[in-house]
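What the coordinates show
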Amino acid sequence: MKIVTFYGSPRKGGNTDLLLNEALKLIRDAGHEIIRFDLNDMNIRPCQDCGGCETTGECVVDDDMSPVADAIRVADRIIVASPIFFFALSAQTKIMMDRCQAFWCEKYLLKQPIPEGPKGRLGLLILVGGMKQDIGLKCAEATAKAFFRTISVPHHETIGFLNVDSKGAVAGHPTAFEDVRKAAQALIGKDEES
Ligand SMILES: Cc1cc2nc3c(=O)[nH]c(=O)nc-3n(C[C@H](O)[C@H](O)[C@H](O)COP(=O)(O)O)c2cc1C
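In this text, all values refer to a predicted model and were calculated from it rather than measured experimentally.

1. Overview of unusual backbone geometry
The backbone phi angle of Asp49 is positive, close to 50°, even though this residue is not glycine. Mapped onto the secondary structure, Asp49 falls in the loop between strand 2 (33–38) and helix 2 (65–74). We note that Asn163 has phi near 65°; this positive angle belongs to a residue other than glycine.

Spelled out as structure tokens, the structure:
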């Protein structure tokens, strides 16, 4: 299967990165193809609300969102991994999601949702927050749900970890790596061929 992954933290080797890599190791070892986008390193402009996508479902802005949109179209599974910033997904993650307005137009205005494909389309959301309050997880989950449904991913699992703040602190979490491995395994399915 094709597993498209969005990494939304600017902190290389940080908590989200460590958890995402744990998931990707399991997925890679199972023989699946991984397409990873490190959003902080990409040139993706925020949605301009120009209406250019309303009649075509294609964004008129030519930047690094073009390969992202191509990958979203062919994905069997999609992973979003983001830290919580100001009770929400990181800006890097949100900018990419806003640009999926073109898919919203394609699905809801033009009535052309992305076809499901032979393996279906499933999602996984990995969240890490430094605070103990879960409001950030709730806000991020609401946004990510809108994203997944817009790109015709009908189901996704969310795993979130709170009170994980300093770089690499997730290594001391009692269950995080095991939780991520289980979620990654559920995403690809036990007997799924690549
Ligand atoms: C700009 C900024 C805003 C943040 N806002 C929140 C927040 O609202 N809630 C929270 O739980 N943690 C917040 N944090 C803490 C991060 O979520 C936390 O440090 C996390 O472990 C970072 O993940 P990373 O190492 O993958 O980048 C914030 C951190 C930054 C830099």
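From this point, the discussion proceeds with the structure in view.
2. A closer look at the packing of helix 1 (residues 15–29) against helix 6 (residues 176–188)
Taken N-terminus to C-terminus, the directions of helix 1 and helix 6 make an angle of 45°; their axes are 9 Å apart at the nearest point. It follows from the interaxial angle that helix 1 and helix 6 lie oblique. Viewed along their axes, helix 1 and helix 6 form a crossing whose handedness is right-handed. Taken together, the residues of helix 6 that come into contact with helix 1 (itself represented by Leu18, Leu19, Glu22, Ala23, Leu26 and Ile27) are Ala176, Phe177, Val180, Arg181, Ala184, Gln185, Leu187 and Ile188. Class assignment for the residues of the contact of helix 1 with helix 6 results in 11 nonpolar, 1 polar and 2 charged.

3. Notes on helix 4 (residues 101–109)
Inspection of helix 4 places Ala102, Phe103, Cys105 and Glu106 among the buried residues, and these make up the whole buried set. Viewed end-on, helix 4 has its buried residues packed into an arc of 160°, placing them on one side of the element. Tucked inside the fold, the buried residues of helix 4 contact helix 2 and helix 5 (135–150). Following helix 4 by one or two positions, Lys111 has its phi on the positive side, about 60°.

4. Regarding the pairing of strand 1 (residues 2–7)
Burial of strand 1 is extensive: 5 of the 6 residues sit out of reach of the surface. Looking at chain direction, strand 1 and strand 2 are connected through 6 bridges and run parallel. If you follow Tyr7 over to strand 2, its bridge partner there is Asp38. For the crossover from strand 1 across helix 1 to strand 2, the handedness is right-handed. Examined bridge by bridge, strand 1 and strand 3 (residues 77–85) share 5 bridges and lie parallel to one another. Its bridge partner being in strand 3, Tyr7 is matched across the sheet by Ala81.

What counts, and at which threshold
- Residues numbered from 1 in each chain as written.
- Predicted model: local features only at pLDDT ≥ 70, side-chain atom pairs only at ≥ 80, totals over all residues.
- Heavy atoms only, no water.
- Helix = DSSP H or I, 4+ residues; strand = E, 2+ residues; numbered from the N terminus.
- Axes fitted to C-alpha atoms, helices over the stretch in contact; angles between N-to-C directions.
- Parallel < 35°, antiparallel > 145°, perpendicular 65-115°, else oblique.
- Left-handed = near helix turned anticlockwise from the far one by under 90°.
- Contact = heavy atoms within 4.5 Å.
- Nonpolar A, V, L, I, M, F, W, Y, C, P; charged D, E, K, R; others polar.
- Buried < 20%, exposed > 50% of the residue type's maximum accessible area, 1.4 Å probe, protein only.
- Arc of directions from axis to C-beta.
- Pairing = 2+ DSSP bridges.
- Right-handed = clockwise from strand over helix to strand, strands pointing away.

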